[in-house]
Amino acid sequence: MSERPAPEGERSAAELREAVAAIWRDALGLDDIRDGCNFFDEGGDSVLSVEVAISLRELTGQDLELDILYDYPEFGALAAALGAGPEEEKPETRELTAAEERLWTVEQLHPGSAVYHLAVRYRFPGGLDVTRLRAALDTLAARHEALRRGFVKPALALTARKVSVACRWVDARGVSETSVRELVDTEVRTPFDLGRPPLLRALVVDRGDAGSELVLTVHHLVCDGVSLDLLETQLQELYEDTSGSGGTGWEREPVGRQAVSVRPRDAEAALDHWRTMLADCPGALSLPHDLPRPARLGVDGAAHHVVLTDEQVSALVSAAEEERLSPFMMWVAAYVTALVAVTGDRDLVLAVPASSRGPAQAGEVGMFVDTLPLRFVVRPGATARDVLRLVRRVVTGALAHQQVSFQTLVEEVGSGTDRSRAPLAQTALTYMDTTGCGLRWDGHRAEREQIGTGTAKYEALWLVTRTSGGTVCELEYSTDLFTDEAAAALHRRMLAAVDAAFAQPDAPLPSECGTDAPGVFVPIHERVHRQAVEQPGAVAVRHGRTTLTYGELDRRASVLAAGLRAAGIGRGATVAVPMERGIASVTTCLGILYAGAAYLPVDIAQPAERTRHIVRTAATAAVVTDDATADLLAEVVPTHLLEKLLVTDEAPMVPAAVTDADVAYVICTSGSTGRPKAVVVPHRAVVRLVPDADFVTFGPADRVAHVSNPAFDAATLEIWGALAGGGTLVVADRDVLLSPRRMRSFLTDEGISVMFLTVTLLNQMVDFAPDAFRELRVLLFGGEKHDARRLAKLFAAGPPATVVNGYGPTENTTFSTTHEVTAEDLAEGVVPLGRPLPRSTAYVLDASGQRVGTGGTGELYVGGEGLAHGYLDAPAQTAAAFVPDPFAGRPGQRLYRTGDQVRVLPGERYEYVGRLDDQVKVRGHRVELAEIEAAVRRRNGVADAVVHARPTDDGIEILAFVAPETAGDAAPRAVLDVTVLGEELRGELPQYMLPTVIVVDHIPVTANGKADREALLSMSPAANTGDVDGGCAPPQDGDPVDATVAALWQEVLDTGSARPEDNFLNVGGHSIKAMRLLALIGEELDVTIDLVDFFEDPTLHGLTALVRRELTGDEL
Amino acid sequence: MSEQTTETRYSVVHNDEEQYSLWAEGRPLPAGWHRTDFSGGREECLAHIDAVWTDMRPKSLRLAMGEN
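Residues numbered from 1 in each chain as written. Chains lettered and ligands numbered in written order. Predicted model: local features only at pLDDT ≥ 70, side-chain atom pairs only at ≥ 80, totals over all residues. Heavy atoms only, no water.

Per an unreviewed UniProt entry, chain B is named MbtH family NRPS accessory protein, and its organism is Streptomyces macrolidinus.

Chain A has the name Amino acid adenylation domain-containing protein in an unreviewed UniProt entry, where Streptomyces macrolidinus is given as its organism. Taken verbatim from the UniProt record of chain A, the Cofactor (unreviewed entry) comment is "pantetheine 4'-phosphate". (UniProt positions renumbered as here; feature names shortened; annotations may be inferred.)

Take a look at the structure:
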């Protein structure tokens, strides 16, 4: 132990303290120096600070730093640092109560924030006596232990014997309103040092003739709503009492009394109540926020205020009185109806404060409030009155079991591991009646006003305060999630929804489909246009080294639209876009929307006849990029060359105004009648998907991969999600999709943050590059049923921040339900389809149209704003698939029958079981086997055909069993040439629909006359594939490269045959299998073969030659 | 129950947007839907809908476009 140099002479701590205070008094010209005095606030500047430091050096004899006052600007801290701290007695410490612990935890997560400051203001017409105020505040602190309480790590409360309350007086005469506001904001937002009580401070703003303001800031750790009332009452008495006796009739409370919560004996029963109430409660609330959700929410916030007159709330009040609800319960009910309307959620949890103040604490200042989660399941068709009754039941149940702390509930029933969301409840409501509150001083009564601290405790918190001037509704929102405009719009929608619901308390709640929300519909192209206005220089689309800014995209689309208009194409028209994905196709689609028309994306890789058929039936014109495509469609519709449209003389046009029911696009899917059917999708369905839904939000920082075929409706999500959110759409070339290695580089090089993959592609990626998605913010997958094994591998290798399972048919716009996949799902072995998107519904119904209960299985019906109008020019098909919705809150709604069989899981989630018909998903594409069967049967030489789909490791494999026509007694095989048949089918069907042809003598039938699929499958395996002569063993001897390539070829094709001249595409191979084969060859032989090269000569012989060339490095 | 067929009978229905569909006879019709006077077997009803539903745009869209 080294001896500290003793200061000259022996001086007690108190003497030293007084000496330091004397130096401050001289320097600052003050009479009174207190612990809370801040050197710089009291007029100290840099010169003075050095002078004082020098004086302190002389006083202490220590070599103090000259900037010591910058380290210790407060007197108390400085005195303590010099060894003259406040009374050295050791403060009493105790453990935290559960309620304190909750706030303390938040403080540890967000240190130095004002999130739990309570700040109030009182305005007086005249000046205030600051000396009297200081004395009154100090007396208060002496009376109430909580006002002398501080908090230190790890988690202890300490109580000082004596404290003095900092009370600043600021001369703000003639100072602008803005400066005063800034001053007050700083006062209420400056964090307390929690270890240094009191956690209360005061500010008096003297505005001369304009009166004065008193601002009190206190930390919620030591104060609650009731305490604030107590403080007000006592402060009023003490300030008015000039006798100096410190108030009248006040008994000093016994020292050391502590607010420790007691766990009653029936705590276990209470916990059971909560376990039941909160079982499988949703972990998220679908608030329509407009900013991308960060990985972790901060506490920055703001608030939007609306004052309601008594008349405006009269309908609500009378309905609540009829049901005998307290005002608090009434506002809970109002909030529930508002949330149902704006989120579409019907199962929601909201937090409310609940007083834990017992009779013994009636007169005590302190924190006697805990949080209760209230869960409401609002059934379809419920009325506002039903909600009132539900609230009464839930709230009384909760209050009867409130002895369990919120913290315990989080631990016991905590929901998931989603770090971007608060556990249990993401929103809350508080209600206060301050009509009798305020300070009456010097004959003037000053109302209490709450001051915002620029923070948010929840994603959204509704603070309702009844004041003498009406009901003040404040929506405090997280500025991480909402812009001010979005929050204001949300708050107005909430209030309008409450209004509508209680105007007719016995009518079903206005539907969760928010079309009755006020506000003008903003179509998707207008949202892109606004991005172009706001950030014209930002990159909208990127393809390789080519980029297109928002400004240029907007300009081109406007010019294109003008050109289309000049050609007579506008609202009501449908324009085909037969283009590969890329800058041209995106620009064209946007231009078509700008013109007010709808676009029809057409897959150019499909056979010409199919393209012509689709364009003929669904489009009135086409925009093409080359003469070949123009020739292809020459006889079908008028075609416009993109480059000519872009140099039109027409003046660019502003984006057309359309209604939410105007058609945005038409997409063709496989049809069971043997022809594709065209799904007509309105604008409202697009914005319901992006940007309004919250399963993924897109922001300017996002780089969204464009990997989907434009003719597949996942492209809707990619293109419009990226562009409406102001992000960059990054186009991936076809070869990127065909090689996991290239995909990995693409993701890394382009800095992709959001992407969608079909399950097939995801599986391929996971097989060969499971860690490729690490840097992604959101990975969405869908289109087919997931593969649990691949997902587990993905999670093990380091998944992106968020993995979302998206489910839904094209008829309900890309996604109907979404689910964020968690490690728990994989552990439990169930990855559910999830819950409906906002403004959407999903029901599982049995054959008689009744809802199926939890655990049951039925057909999934989906509805809401994502619904298509129907199938183009197919009234009967539309009427059969889109049926009346008996559950909707709004009349006249429809539901789409998905044909998907699902199981109902707890919490309104669903698990995919299978199809009710012959539809299958092949690499994300929806395929009706009947369409393929019809195509095969149309071929010459085919007597009969049965098409069957069977699952394999690489997805679905389609088999076509073909019985050839027999020419008399001749051998049937002479008539049917499999190679020719394959070529013909390739000319008619898109690649993903091509079957592996298996020739059989005849189609066997079962006893009841149907095709005997089991018998057919037993004839199948690959030995018969495409080759009537049967298999032929590959050369096992000889060259090891030949043997390896052949073995892998057989493995991938699951065949026993491998002849050098076999064409991969004719023997059951397709691009996904090819990727797999090339990846295996890469692993086995350490060579990289490009798919493009392989497809130039997709025979075993050609492949072996390629491999050999790579191995020998021979470029020729 | 001497009838050979027990096929469910349907009504042809439409909503205020004049979108057509089917609804089993005997089940209460959801609010906002109206029965036409056509009923019959499923295929008959669909054939009828094919004949009468000639403009498949929702009524609100037809009206909005008519205003232009």
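Enquirer: What should I look at first to understand the overall build of chain A in this one?
Expert: In terms of helices and strands, chain A carries 35 helices and 42 strands. The burial tally for chain A puts 57% of its 1116 residues in the buried class. At a minimum sequence separation of 6, the contacts of chain A that also span at least 24 residues come to 69%. Surface summary for chain A: the accessible area is close to 44900 Å², and the carbon and sulfur share equals 50%. (Helix = DSSP H or I, 4+ residues; strand = E, 2+ residues; numbered from the N terminus. Buried < 20%, exposed > 50% of the residue type's maximum accessible area, 1.4 Å probe, protein only. Contact = heavy atoms within 4.5 Å. Areas by Shrake-Rupley, 256 points an atom, 1.4 Å probe, with all protein chains shown as cover.)

Enquirer: Help me out: how do you make sense of the sheet that holds strand β2 (residues 117-124) of chain A in this one?
Expert: All names here are of chain A. Here we have five strands laid out as an open sheet, ordered β5-β6-β7-β2-β14, and mixed in their pairing. Among the strands making up the open sheet, the edge pair consists of β5 (166-171) and β14 (449-450). Pairing between β2 and β14: two bridges, direction antiparallel. Looking across to β14, one finds that Arg-121 is bridged to Glu-449. Seen against the sheet, helix α6 (residues 130-143) touches β5, β6 (200-206) and β7 (212-219) and runs at an angle of roughly 160° to β5. (Pairing = 2+ DSSP bridges. Axes fitted to C-alpha atoms, helices over the stretch in contact; angles between N-to-C directions.)

Enquirer: Explain the confidence of the model for chain B here, please?
Expert: Segments scoring low in pLDDT should not have their predicted coordinates read at a detailed level. All names here are of chain B. A residue-level look at chain B finds 88% of positions with pLDDT of 70 or above and a mean pLDDT of 88. Every residue in residues 1-5 scores below 50 in pLDDT, and together they form zero contacts with partners more than four places removed in sequence or on other chains. In the model output, the complex is listed with pTM 0.54 alongside ipTM 0.95. (pLDDT = per-residue confidence, 0-100.)

Enquirer: Looking at this structure, how should I read the sheet that holds strand β1 (residues 10-15) of chain B?
Expert: Strand-to-strand pairing in sheets goes through backbone hydrogen bonds, with the strands running parallel or antiparallel. Residues and elements named next belong to chain B. Ordered in space as β2-β1-β3, the three strands form an open sheet in which the pairing is antiparallel. Two strands in the sheet have a free side with no partner beyond their single neighbour: β2 (20-24) and β3 (33-40). Across the sheet, the mean angle from the axis of one strand to that of its neighbour is 35°, orientation sign disregarded. Two elements, β1 and β3, share five bridges in a ladder whose sense is antiparallel. Its bridge partner lying in β3, His-14 is registered against His-34.

Enquirer: Explanation requested: the interface of chain B and chain A in the structure shown.
Expert: Interface size, as often reported, equals the accessible area lost upon joining of the parts. Counting residues at the interface gives 24 residues for chain B, matched by 25 residues for chain A. Together, the buried faces of chain B and chain A total about 1900 Å²; carbon and sulfur atoms form 63% of this surface. Summed over the shared surface of chain B and chain A, the result is zero salt bridges. Between the two partners, chain B and chain A, sit seven residue pairs in polar contact (both at pLDDT 80 or more). Only β1, β2, α1 (42-52) and α2 (59-67) of chain B provide two or more residues apiece to the side of chain B that touches chain A. (Buried area = accessible area lost by both parts, 1.4 Å probe. Salt bridge = Lys/Arg side-chain N within 4 Å of Asp/Glu carboxyl O. Polar contact = N/O pair within 3.5 Å; in protein donor to acceptor, adjacent residues only side chain to side chain.)

Enquirer: Hey, could you run me through a negative patch on the surface in this one?
Expert: All names here are of chain A. A cluster of acidic side chains, namely Asp-290, Asp-484, Glu-485 and Glu-534, defines a negative patch on the protein surface. When you line up the elements, Glu-534 lands in helix α15 (residues 524-534). Judged by relative accessible area, Glu-534 falls into the exposed class, the value being 67%. (Patch = residues over 30% accessible without salt bridge, like charges linked within 9 Å, V, L, I, M, F, W, Y side chains within 5 Å. Lys, Arg positive; Asp, Glu negative; His and termini not counted. Charge placed at Lys NZ, Arg CZ, Asp CG, Glu CD.)

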